[in-house]
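# Fold and geometry: a report
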Amino acid sequence: MMSPRLFHQEQSMIDQSTLNTSPQPTITIEDDRTGMSVATLKRAFLDNLFYLQGIDRSQATLYDYYVALAYTIRDRLLHRFIKTVATYKQEKVKVVCYLSAEFLMGRHLGNNLINLGLYDKIDQVMKEFDLDLNEIIEQEPDPGLGNGGLGRLAACFLDSLASLEVPAIGYGIRYEFGIFHQRIQDGWQVEVPDNWLRFGNPWEIPRADESVEVKLGGHTEIIHNEKNQPKVVWIPERTILAIPYDTPVPGYQTNTVNPLRLWKAEASEEFNFEAFNSGLYDRAVAEKMDAETISKVLYPNDNTPAGRELRLAQQYFFVSASLQDLIRIHLRTHPNLDTFYELTAIQLNDTHPAVAIAELMRLFVDRYDYDWDKAWDITQKTFAYTNHTLMPEALERWSVDLFAKLLPRHLEIIYEINHRFLTGLQTWFPNDEALVESLSLIEENHGKKIRMANLACVGSHAINGVAALHTELLKKDTLRDFAKLWPQKFFNKTNGVTPRRWILLSNPELSALVTEKIGDGWLKNLDEMRQIEKFVDDPEFCRRWREIKQNNKRNLAAYLLKYRNVQIDVNSLFDVQVKRIHEYKRQHLAALEIIHLYNRIKQNPHAEIVPRTFIFGGKAAPGYFMAKLIIKLINAVGEVVNNDPDVRGRLKVVFVSNFNVSLGQRIYPAADLSEQISTAGKEASGTGNMKFAMNGALTIGTLDGANIEIREEAGPENFFLFGLTAEQVYAMKENGYHPHTYYDNNFDLKAVIDRIAHGYFSPGNPNLFHPIVESLLHHDPYMLLADYQAYVGCQDEVSKAYADQDRWTKMSILNSARMGKFSSDRTIREYCKEIWDVPPVKISLDEYHPEYADL
Ligand SMILES: *Cc1c(COP(=O)(O)O)cnc(C)c1O
């Protein structure tokens, strides 16, 4: 055990000349306790270890070092954070409010080091303490407050907003349990709760004084006000306290640090005093726990609505808290809310926060006494809605009964919005019953339901899809009547990802090579990556490019060996499909390809096969039977293929459990081939496809989502395209699709399906995979059989290309070079200009620090 005296001795090893030992006349950033010099950083790190973690170096674990370092970095964000928020307030700037039920942020430490420009310095500091920065970074629990692409998009957008110096707040829920931790047992997915806050969270700051009340349940009454006018009042049944927790989100090389404000639910203070005082202590405590369930757990559904009361309560909870917060902020500097929309642009990330439209109307009309038309005008000017899916079954619809129980006043408001909307329609389109039926906010058949997408469309001034094809199909199909009514409301905003996390942090060697050749401007303007095209014929550059990919593959292999106990051949082609497991994403189509190659080997053990490692990863929604069975199928196929001596190691199947952002950072840079094989017309955009291509993987993909634009940018000769187009998919369904004929007429396909159907991969349980076989042969809603032959043929082209390493390397370089469009900076610039009308605001740090003013 090291004594405090020894601790000070250790400190005394730090260069004394840089320590602040005598009173200073003025304090500058360099010599205050949050300075950026190596000496100050070292001292702050040791201070935090001792005074915050309460431990010294002789006892500290890697986790203690992580916490000490996290606080050291958070301290360095706080000047910028406080100055940023103060600037927004003083200058009365317009702010983007990104409302999202999910933020899949990934670990903060590494990213914050990069954005503050401290990565190399801290790496050095850790080395001087005999510590490995990478090991410390690994200690942070991955905050999994999202399911997949939608939540990760929100996180990339926050990085780009701060990097482009755009005033912005992210609003969401501080789930106590994020997306479950996935284990694989006997080939099956097992869900384990993700208690990510167990050891605290150094990145968040609770702001108890900015808590707001959110009400639920009860009924409405009509009263008469002083002018004897009738007025509706809501008499709620329950009050929940919403406590904001702010996480600072820094931009890359900017002073902007925007807040991510996540709400935690707690029992309100005056809550059930009666029960408490009458001795019903247990009931008072039970009801307190009840209140806290609202922010307890993230619903693990991706692309399928939950329809549960608690989920609606969650949505309303964070929306109501966020709008009250925004109104309070507005009224700090303005006499009334007339100008609300001039200072607040609210983006709805899918329909999860769409109840905000009814809530803002309620606040304006009931609480601030606005007349309906004025309130509606402001509401429409405030909101914009991003749609994320074309699949009708994935659109949120809340039962009217549930709504009436939880939000009786909001139900009335939605009926009123609908009544006025449909009345207006009937004057323009008299007798068009079908139009009224399709646009109505209420679905009348099989139990009344509220269509949240319709509410979002009616209450917003802008509606956008997330890739060019997606937006086209929205206008033609899913939202066609809205597009006919209001064509000017529709925009396309093709998704993007942040190159800071997804290239610089994930692929440091590639980043260093690019920067050596073209400078580091590409990190702020990814279009500059085009400049590396001029090196595609430079053999030395190509050799280094290939070597870096090889190193990334080795790093992933070492990780899988160390933490998952699987060995993979780094000289094989890494063929990767990581994303949520969903039938429309067709992980089982890739499984058919593996079985096809296996059959080829079994027929001719000497067949020429380019060695491949098939790497899968992704979580299935716990209630999604087919998705879980697909995971089992992949593992079962792996079990056979990996252990068959005839294969001689040429094929290997690995299912990497618990795919999340941190694993993604290891996997995307190590991939040779990116599998983007959804049924055309089903994947709205995809963002994984962008991360792969930026890191030099080639894509095998369908003409779906952003794949189309990736292929356009990379050049068709650098993309492995196969499969039906969205139009062909629609036409085939229209004309009657008979999957069985593909099976009957394709001997190879038949052999593949029969291997599954006859129980080859499920010895002792031949019927195990029958639900998959039955679905494929008799319905095949995602048309795997129609695309099978094209896919297998295209995979042969991939193998041929990979065998020619020079050709492959050139294609890889060109993919990376041409992905500038898919930086989320480009996406955010478009939203700012065309939807939000929000300009950037510079944050200057060159004045005194207010907290030192009276020293
Ligand atoms: C990027 C990302 C996704 C989205 O992947 P898609 O292939 O676009 O579905 C999902 N999960 C994580 C952890 C990601 O980083």
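Just so we're clear, the structure is a prediction, and the values are computed from it rather than from any experiment.

### Regarding the layout of surface pockets
One number sums up the size of the largest pocket: a volume of about 1,200 Å³. If you trace the largest pocket, you find 38 residues lining it, with Tyr 119, Asn 134, Leu 505, Ser 506 and Pro 508 closest to the centre. Residue assignment for the lining of the largest pocket shows that the elements contributing at least two residues are helix H4 (109–115), helix H5 (119–128), helix H6 (133–137), helix H20 (499–505), helix H21 (508–518), helix H22 (539–564) and helix H25 (661–667). For the lining of the largest pocket, the element with the highest residue contribution is H22, accounting for seven residues. A breakdown of the residues in the lining of the largest pocket according to their chemical character gives 16 nonpolar, twelve polar and ten charged. Taken as a whole, the second largest pocket holds about 720 Å³ of empty space. Forming the walls of the second largest pocket are 30 residues, and the residues nearest its centre are Arg 107, Glu 140, Pro 141, Asp 142 and His 181. Elements represented by at least two residues in the lining of the second largest pocket include exactly strand E3 (181–185), H22 and H25. Of the residues in the lining of the second largest pocket, the class split is twelve nonpolar, eight polar and ten charged.

### Digging into the sheet that holds strand E14 (residues 442–443)
Adjacent strands of a sheet pair through backbone hydrogen bonds, lying either parallel or antiparallel. Strand order in the open sheet formed by three strands is E13-E15-E14, and the pairing between neighbours is antiparallel. The open sheet has two free edges, formed respectively by strand E13 (397–399) and E14, since each of these has just one partner strand.

### Remarks on the UniProt feature "modified residue: N6-(pyridoxal phosphate)lysine" (unreviewed entry) in the protein
Using the residue numbers shown here, the UniProt feature "modified residue: N6-(pyridoxal phosphate)lysine" (unreviewed entry) corresponds to Lys 691. Looking at the secondary structure, you find Lys 691 in helix H26 (residues 688–694). Beyond its immediate chain neighbours, meaning those up to four positions away, Lys 691 contacts Arg 152, Val 497, Trp 502 and Tyr 668. A polar contact is formed between the side chain of Lys 691 and the side chain of Tyr 668, at a distance of 3.5 Å.

### Describing the packing of helix H24 (residues 625–643) against helix H31 (residues 770–778)
At a closest axis distance of 9 Å, the pairing of H24 and H31 adopts a crossing angle of 110°. As far as their axial angle goes, H31 and H24 are roughly perpendicular. Crossing of H24 over H31 shows left-handed handedness. Of the residues in H31, those touching H24 at Phe 625, Met 626, Leu 629, Ile 630 and Leu 633 are Pro 771, Ile 772 and Ser 775.

### What to know about unusual backbone geometry
A positive phi is found at Asn 228, a non-glycine position, where the angle reads about 60°. Tracing the backbone through its elements, the reader meets Asn 228 in the loop between strand E7 (219–224) and strand E8 (230–235). Despite not being glycine, Asp 780 has its phi angle at roughly 45°, a positive value. Its location among the elements puts Asp 780 in the loop between H31 and helix H32 (784–803).

### Focus on the pattern of salt bridges
Enumeration according to the criterion identifies 58 salt bridges in this entry. Here Lys 628 and Glu 191 are joined by a salt bridge, their closest N and O atoms 2.8 Å apart. With Lys 628 in helix H24 and Glu 191 in strand E4 (residues 188–192), the pair connects residues that are 437 residues apart, well separated along the chain. Glu 191 sits in the partly exposed class, given a relative accessible area of 30%. Across the pair Arg 420 and Glu 416 runs a salt bridge, and its minimum N-O distance is 2.6 Å. With Arg 420 and Glu 416 both in helix H15 (residues 408–428), this residue pair falls four residues apart, about one helical turn. Judged by its relative accessible area of 27%, Glu 416 falls in the partly exposed class. Three or more residues are tied together by salt bridges with common partners; here these are Arg 207, Glu 210, Asp 246, Arg 261, Asp 325 and Arg 328.

### What to know about the side chain of Thr 702
On the secondary structure map, Thr 702 appears in the loop between strand E22 (698–701) and helix H27 (707–714). In terms of polar contacts, Thr 702 uses its side chain to reach the backbone carbonyl oxygen of Ser 678, at 2.7 Å. If we skip the residues at most four places from it in the chain, Thr 702 touches Arg 586, Gln 676, Ile 677, Ser 678, Asn 707, Leu 721 and Phe 722.

### A word on helix H13 (residues 372–382)
Within H13, the full set of buried residues consists of Trp 372, Ala 375, Trp 376, Ile 378, Thr 379 and Thr 382. The buried side chains of H13 occupy one side of the element, clustering within an arc of 165° when seen end-on. Next to the buried residues of H13 lie helix H11 (340–343), strand E11 (344–349), helix H12 (356–367), strand E12 (383–386), H15 and helix H17 (452–458).

### Structural notes on the nonpolar core
Ranked by internal contacts, the top residues of the largest apolar core, which has 196 residues, are Phe 403, Phe 720 and Trp 836. No other element matches the eleven residues that H24 contributes to this core. Counting 57 residues, the second largest nonpolar core, distinct from the first, contains Val 497, Val 514, Phe 535 and Phe 574.

### Regarding empty space enclosed by the protein
In this approach the atoms are scanned with a rolling probe the size of a water molecule, which exposes any empty space left behind. Taken as a whole and judged by the stated rule, the model has ten cavities of 30 Å³ or more. Of the voids in this model, the largest cavity is the one considered here, and its volume is about 870 Å³. Along the wall of the largest cavity there are 50 residues; nearest its centre are Asn 147, Gly 148, Gly 149, Leu 150 and Asp 302. Elements that contribute at least two residues to the lining of the largest cavity include exactly helix H7 (149–163), H25 and H26.

### Quick look at the site of the ligand
Lys 579, Lys 585, Thr 687, Gly 688 and Lys 691 are the nearest of the 14 residues found near the ligand. A distance of 2.8 Å separates an oxygen atom of the ligand from a polar backbone atom of Thr 687. The backbone of Gly 688 places a nitrogen or oxygen atom 3.0 Å from an oxygen atom of the ligand. About the coverage of the ligand: the protein hides 95% of its 390 Å² of free accessible area.

### Remarks on the sheet that holds strand E21 (residues 673–676)
One open sheet accounts for six strands, arranged E20-E19-E18-E21-E22-E23; its pairing is parallel. The open sheet is flanked by strand E20 (651–656) and strand E23 (720–721), the only strands paired with a single partner. Bridge count between strand E18 (residues 573–578) and strand E19 (residues 612–617): six bridges; the pairing is parallel. Paired with Asp 575 across the strands is Phe 614, a residue of E19. In the packing of H24 onto the sheet, contacts are made with E19 and E20, and the angle to E20 comes to roughly 145°.

### Considerations on helix H10 (residues 309–333)
With 25 residues, H10 extends 37 Å from end C-alpha to end C-alpha; this agrees with the ideal 36 Å at 1.5 Å per step. Across the 25 residues that make up H10, a large majority, 18, are buried.

### Regarding the packing of aromatic side chains
With the rule as written, the count across this model stands at 27 aromatic pairs. Between the aromatic rings of Phe 50 and Tyr 51, the centroid separation amounts to 5.0 Å while the plane-to-plane angle is 75°, which identifies the pairing as edge-to-face. With a centroid separation of 5.8 Å and an interplanar angle of 25°, the aromatic rings of Phe 482 and Trp 486 are classed as stacked. Given a relative accessible area of 17%, Trp 486 falls into the buried group. A connected cluster of aromatic rings, assembled from ring pairs, spans Tyr 98, Phe 157, Tyr 831 and Trp 836. In this structure, Lys 517 is placed above the aromatic ring of Phe 535, and the distance from its NZ or CZ to the ring centre is 5.2 Å.

### Concerning the state of the cysteines
Inspection of every chain in the model, using the stated rule, returns zero disulfides. Between Cys 97, a cysteine without a disulfide, and Cys 832, which holds the nearest cysteine sulfur, the sulfur-to-sulfur distance is 12 Å.

### Topic: the pairing of E21
Burial along E21 is two-sided: Leu 673 and Glu 675 and Ser 674 and Gln 676, pointing in opposite directions, are all buried. The pairing of E18 with E21 spans two bridges and is classified as parallel. When the bridges of E21 are listed, Asp 575 appears paired with Leu 673. Across four bridges, the pairing between E21 and E22 is parallel. Pairing of Gln 676 across the sheet is with Gly 701, part of E22. Following the chain from E21 across H26 to the adjacent parallel E22, one finds a crossover that is right-handed.

Rules behind the numbers
- Residues numbered from 1 in each chain as written.
- Predicted model: local features only at pLDDT ≥ 70, side-chain atom pairs only at ≥ 80, totals over all residues.
- Heavy atoms only, no water.
- 1 Å grid on protein atoms, 1.4 Å probe; cavity = no way out; pocket = protein on both sides within 12 Å on 5 of 7 lines; lining within 4 Å.
- Points joined across faces, edges and corners; volume = space filled by probe spheres on them.
- Helix = DSSP H or I, 4+ residues; strand = E, 2+ residues; numbered from the N terminus.
- Nonpolar A, V, L, I, M, F, W, Y, C, P; charged D, E, K, R; others polar.
- Pairing = 2+ DSSP bridges.
- UniProt positions renumbered as here; feature names shortened; annotations may be inferred.
- Contact = heavy atoms within 4.5 Å.
- Polar contact = N/O pair within 3.5 Å; in protein donor to acceptor, adjacent residues only side chain to side chain.
- Axes fitted to C-alpha atoms, helices over the stretch in contact; angles between N-to-C directions.
- Parallel < 35°, antiparallel > 145°, perpendicular 65-115°, else oblique.
- Left-handed = near helix turned anticlockwise from the far one by under 90°.
- Salt bridge = Lys/Arg side-chain N within 4 Å of Asp/Glu carboxyl O.
- Buried < 20%, exposed > 50% of the residue type's maximum accessible area, 1.4 Å probe, protein only.
- Arc of directions from axis to C-beta.
- Core = buried A, V, L, I, M, F, W, Y, C linked by side-chain atoms within 4.5 Å.
- Near = heavy atom within 4 Å.
- Areas by Shrake-Rupley, 256 points an atom, 1.4 Å probe, with all protein chains shown as cover.
- Expected span 1.5 Å × (residues − 1).
- Phe/Tyr/Trp six-rings, centres within 6.5 Å; stacked < 30°, edge-to-face > 60°.
- Lys NZ or Arg CZ within 6 Å of the ring centre and 35° of its normal.
- Disulfide = S-S within 2.5 Å.
- Right-handed = clockwise from strand over helix to strand, strands pointing away.

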